[in-house]
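The primary structure of each chain is shown beneath.
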Amino acid sequence: MGVSPTVASPAELVDAAVRIAGRLTSTVRVAETIRSTAAADGGVPPWFWQAHGTATGFGGLAMLFGCLDRALPGKGWDRVAHEHLTAAVDSAQRVGVLPIGLSDGVTGLAFTALLLNRDGLRYRRLRRSLDQNLADKLVGFLEERRSRGELFSPDVDVISGAAGIASYLVSRPETDTLSALGAELLGWLANCVTEERLPLRPASRAVDCGLAHGLPGVVAALAVSHMRGAATTRSAAALRSGTDWLWAHRVTDRWGPNWPVDDAHPSSGPAHAAWCYGAPGVARSLLLAGRALRDTALQQAALRASTAVGQRPEKERRLMSPGFCHGTAGLAHILHRTGMESGRADLVAEAHKIFAELVAGFDADSHFGCRNPHVGAPTDNSPGLLDGAAGVAIVLLSAAGRPTPRWDRLFLIR
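Given the structure is predicted, the values throughout are model-derived calculations rather than measurements.

A.B. asks: Before we move on, can you summarise the overall build of the protein with the specific residues and values?
C.D. replies: For the protein, the helix and strand inventory stands at 17 helices and 2 strands. Overall size of the protein, expressed as C-alpha extent along the three principal axes, is 50 × 50 × 45 Å. Every one of the 414 residues in the protein was classed for burial, and the buried ones make up 60%. In the protein, 66% of the contacts between residues at least 6 apart in sequence involve partners at least 24 apart. Counting every atom, the protein has about 16,100 Å² of accessible surface; 52% of that belongs to carbon and sulfur.

A.B. asks: Tell me what's going on with the pattern of salt bridges, and back it up with residues and numbers.
C.D. replies: For the coordinates displayed, the defined rule picks out 28 salt bridges. Here Arg-118 makes a salt bridge to Asp-69, at a shortest N to O gap of 2.4 Å. Linking Arg-118 in the loop between α5 (106-115) and α6 (124-146) with Asp-69 in helix α3 (residues 58-71), this pair joins segments that are 49 residues apart in sequence. Given a relative accessible area of 28%, Arg-118 falls into the partly exposed group. Residue Asp-155 is joined to Arg-148 by a salt bridge in which the shortest nitrogen-to-oxygen separation is 2.5 Å. A relative accessible area of 4% places Asp-155 in the buried class. What makes Arg-148 partly exposed here is its relative accessible area of 28%. Counted as one network, the salt bridges with shared partners bring together Arg-127, Asp-131, Arg-172, Glu-174 and Asp-176.

A.B. asks: Hey, could you go over α5 for me, with residue numbers and the actual values?
C.D. replies: A large share of α5 lies buried, amounting to 10 of its 10 residues. Within α5, burial applies to Val-106, Thr-107, Gly-108, Leu-109, Ala-110, Phe-111, Thr-112, Ala-113, Leu-114 and Leu-115. Against the buried residues of α5 lie α3, α4 (77-95), α6 and α8 (162-169).

A.B. asks: Tell me about α8, residues and numbers included.
C.D. replies: Counting buried residues along α8, 8 of its 8 residues qualify, which places the element largely inside the surrounding structure. Every buried residue of α8 is listed here: Ala-162, Ala-163, Gly-164, Ile-165, Ala-166, Ser-167, Tyr-168 and Leu-169.

A.B. asks: Which residues make up the packing of aromatic side chains, and what values go with them?
C.D. replies: By the definition in use, this model includes 9 aromatic pairs. For the ring pair Phe-111 and Tyr-168, a centre distance of 5.7 Å and an interplane angle of 50 degrees mean the geometry is tilted. Of this pair, Phe-111 sits in helix α5 while Tyr-168 sits in helix α8, and the two are 57 residues apart along the sequence. Accessibility classification places Phe-111 together with Tyr-168 in one group, the buried group. Pairing Phe-324 with Phe-411 gives two aromatic rings, centres 4.4 Å apart and planes at 25 degrees, and the pair type is stacked. Of the two residues, Phe-324 is situated in the loop between α14 (314-317) and α15 (328-342) and Phe-411 in the segment after α17 (389-399); the sequence distance between them amounts to 87 residues. Here the two residues Phe-324 and Phe-411 agree in accessibility, since each one is buried. One cation-aromatic arrangement involves Arg-19 over Phe-362; the distance from NZ or CZ to the ring centre is 4.4 Å.

A.B. asks: Please set out the nonpolar core residue by residue, giving values where relevant.
C.D. replies: The tendency in soluble globular proteins is for nonpolar side chains to be buried as a group. Judged by nonpolar contacts, the single largest core of 145 residues is most densely connected at Leu-24, Leu-138, Leu-185 and Trp-275. In this view, Leu-24 contacts Val-30, Leu-61, Leu-64, Phe-65, His-84, Phe-368, Pro-383, Ala-389 and Ala-390; residues no more than four positions away in its chain are not counted.

A.B. asks: Run through empty space enclosed by the protein, naming residues and quoting values.
C.D. replies: In this approach a probe as big as a water molecule rolls over the atoms, and the regions it shows empty are the leftover space. Overall, the coordinates contain 3 cavities of 30 Å³ or more when judged by the stated rule. When its volume is computed, the largest cavity comes out at roughly 90 Å³. Mapped onto the lining of the largest cavity, the elements with two or more residues apiece are α3 and α4. In terms of residue count, α3 provides more of the lining of the largest cavity than any other element does, 3 residues in total. Residue composition of the lining of the largest cavity, by class: 5 nonpolar, 1 polar and 5 charged. Empty space within the second largest cavity amounts to approximately 60 Å³. Of the residues assigned to the lining of the second largest cavity, the class counts are 7 nonpolar, 2 polar and no charged.

A.B. asks: I'd like a rundown of the state of the cysteines, residues and numbers included.
C.D. replies: Simply put, the disulfide is a covalent bond whose two ends are the sulfur atoms of two cysteines. Following the criterion strictly, the structure yields 0 disulfides and no others. With no disulfide of its own, Cys-209 has Cys-276 as its nearest cysteine by sulfur position, at a separation of 13 Å. Cys-325 carries a free sulfur, and the closest cysteine sulfur to it, the one in Cys-276, is 3.9 Å from it.

Rules used throughout
Residues numbered from 1 in each chain as written. Predicted model: local features only at pLDDT ≥ 70, side-chain atom pairs only at ≥ 80, totals over all residues. Heavy atoms only, no water. Helix = DSSP H or I, 4+ residues; strand = E, 2+ residues; numbered from the N terminus. Buried < 20%, exposed > 50% of the residue type's maximum accessible area, 1.4 Å probe, protein only. Contact = heavy atoms within 4.5 Å. Areas by Shrake-Rupley, 256 points an atom, 1.4 Å probe, with all protein chains shown as cover. Salt bridge = Lys/Arg side-chain N within 4 Å of Asp/Glu carboxyl O. Phe/Tyr/Trp six-rings, centres within 6.5 Å; stacked < 30°, edge-to-face > 60°. Lys NZ or Arg CZ within 6 Å of the ring centre and 35° of its normal. Core = buried A, V, L, I, M, F, W, Y, C linked by side-chain atoms within 4.5 Å. 1 Å grid on protein atoms, 1.4 Å probe; cavity = no way out; pocket = protein on both sides within 12 Å on 5 of 7 lines; lining within 4 Å. Points joined across faces, edges and corners; volume = space filled by probe spheres on them. Nonpolar A, V, L, I, M, F, W, Y, C, P; charged D, E, K, R; others polar. Disulfide = S-S within 2.5 Å.

In structure tokens:
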């Protein structure tokens, strides 16, 4: 493989996304590859794949194909998106009782159907069914967690908990029972933050400092809802409290602000520079909060942290995969989104450098077009949106400036 160019053209970005997507179009082929992977591991299903999931299943692949249909209309990508959404729903029916969350639960399927609904023209029956299921689950979810003292990451995080649920609910156009429950959920989240009942990592019982599982995800969910018309005194106070806590618990290296995995181990240094943990995700949540509060100083602090990320050498970022969650695709997307919105050419340039590396990294010998060594044994071939090939493809498509659904609200980027 030769030296990658500094910048890939929009056409090259789209071409790379299409080449990866071409490896994912057949639900049968994807399923057979997953089964062979499981067989190689003694029959144990790979942890990185749940067929009904959005982060790690056919729901997320359907989202990618929906974006391709918006970017390249008339190419049949809408049919492929439908096939993958159908596969996800069929798998969910076989599972029976789904969890509530965004990654592998009812919320994730509902989010996918919303983004594929063509402005209300498609999937109306499916959306009604999923929303009713979610409303039923959300009542019990709130009752159970209101009765608790301590809260742990899975209760409130983006992946399986309240922040992820909120990211879907604030995206719905409807005003109904579910939207009223969403207001209750946001009020509960705001109270938790102002009362300093912050999400704890189950193992360390320390406050989680990552966007995927911790306080930054809650802050991002409250900020997005605040900007979308759910502004309340409670949410504003919670944003102040949450951002003050995050800024007070930063660690600083030679490049600028950074964050540890949790507040119990700041001396061990910062986390890697990813969406899930580390400065990229935390800085993005602070930037959203600054915009929600119209706080220029907070926005500038968030941009300083983003600038520091862009200036850190690759070895200091400690990213080992191309994927969205733990890898370079997520980092590049956050830098690009932040740079484009704030007019920061340095952030955009650094993002495009990474995009070019992702394009050059297409691996024709892998099952899905790119390898993800973070996923681990028995394979480094992952098709999913969160950690695998689909996440790389959807980031490259967005980098090309193509009109796509707002898929990145799934990850509380905006």
